[in-house]
Amino acid sequence: MTALSVEDSPDYGSPAWSALHATDPRRAVAIITAAEQWRRQATREAWLDCLLDEDPERWFAYVTADANDYARSIASDLARRSTQDELTARRDVRIPARHVVATPGWPPIAIPGRPGWVRSLTRHGRQLDHPRLDQEPSRDPARHPRLPNGGRVSAAA
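Criteria and thresholds
Residues numbered from 1 in each chain as written. Predicted model: local features only at pLDDT ≥ 70, side-chain atom pairs only at ≥ 80, totals over all residues. Heavy atoms only, no water. Patch = residues over 30% accessible without salt bridge, like charges linked within 9 Å, V, L, I, M, F, W, Y side chains within 5 Å. Areas by Shrake-Rupley, 256 points an atom, 1.4 Å probe, with all protein chains shown as cover. Salt bridge = Lys/Arg side-chain N within 4 Å of Asp/Glu carboxyl O. Helix = DSSP H or I, 4+ residues; strand = E, 2+ residues; numbered from the N terminus. Axes fitted to C-alpha atoms, helices over the stretch in contact; angles between N-to-C directions. Parallel < 35°, antiparallel > 145°, perpendicular 65-115°, else oblique. Contact = heavy atoms within 4.5 Å. Nonpolar A, V, L, I, M, F, W, Y, C, P; charged D, E, K, R; others polar. Pairing = 2+ DSSP bridges.

Colleague: Mind showing me how you'd approach a nonpolar patch on the surface here?
Modeller: A surface patch of nonpolar side chains, about 390 Å² in accessible area, is lined by Trp 47, Phe 60, Tyr 62 and Val 63. Sort the elements by how many residues they give to the nonpolar patch and helix H3 (residues 56-63) lands first, with 3 residues. Mapped onto the elements, Phe 60 comes out in helix H3.

Encoded structure:
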């Protein structure tokens, strides 16, 4: 780069490199830089292959060093997190069902699992389950009270 008086050049093979004229010294610098990077990569791979053959433990330590460093950096955060078993145990905690109890001065309470039924208090303070009195009448035409026979078709028809 110094001999060719070039301070900066595009990457070898990039569109900017392809746009350079063949005699542009930046083109030659990009080729030389790429060749040097290739040489270093090939040398490193050869060293790693040799290291794997001669000392597999050292090779493993070298190729996993970055992963180990990253694992050390996140270990404290991971240690504070709940495990899958802990999360499952928390999710499986069952809250006991509360008993439905009518309270003086409050309207009747709907009874879970019995649509249309409510629980209220009698004059004597007893809990009483009964059908809700303020429900709308049935909209089923087969049960209409103003039609003859309750709206049902007789077997003779």
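Colleague: Sorry, what's going on with the packing of helix H2 (residues 25-54) against H3 here?
Modeller: When two helices pack together, their arrangement is given by the angle between their axes and by how far apart the axes lie. Taken N-terminus to C-terminus, the directions of H2 and H3 make an angle of 135°; their axes are 6 Å apart at the nearest point. The angle between the axes of H2 and H3 places the two elements in the oblique class. Residues Arg 44, Trp 47, Leu 48, Leu 51, Leu 52 and Glu 54 of H2 form the contact with H3, whose own contacting residues are Pro 56, Arg 58, Trp 59, Tyr 62 and Val 63. Grouping the amino acids of the contact of H2 with H3 by side-chain chemistry returns 8 nonpolar, no polar and 3 charged.

Colleague: Would you mind going over the sheet that holds strand S1 (residues 109-110) with me for this structure?
Modeller: Where strands meet in a sheet, backbone hydrogen bonds hold them as pairs that are either parallel or antiparallel. With antiparallel pairing, 3 strands are arranged side by side in an open sheet as S1-S2-S3. Every other strand in the sheet has two partners, leaving S1 and strand S3 (127-131) as the edge strands with one partner each. Both S1 and strand S2 (residues 117-121) contribute to a ladder of 2 bridges, which runs antiparallel. The residue bridging Ala 110 from the neighbouring strand is Val 118, located in S2.

Keep in mind that these numbers describe shape and distance, not what the molecule does.
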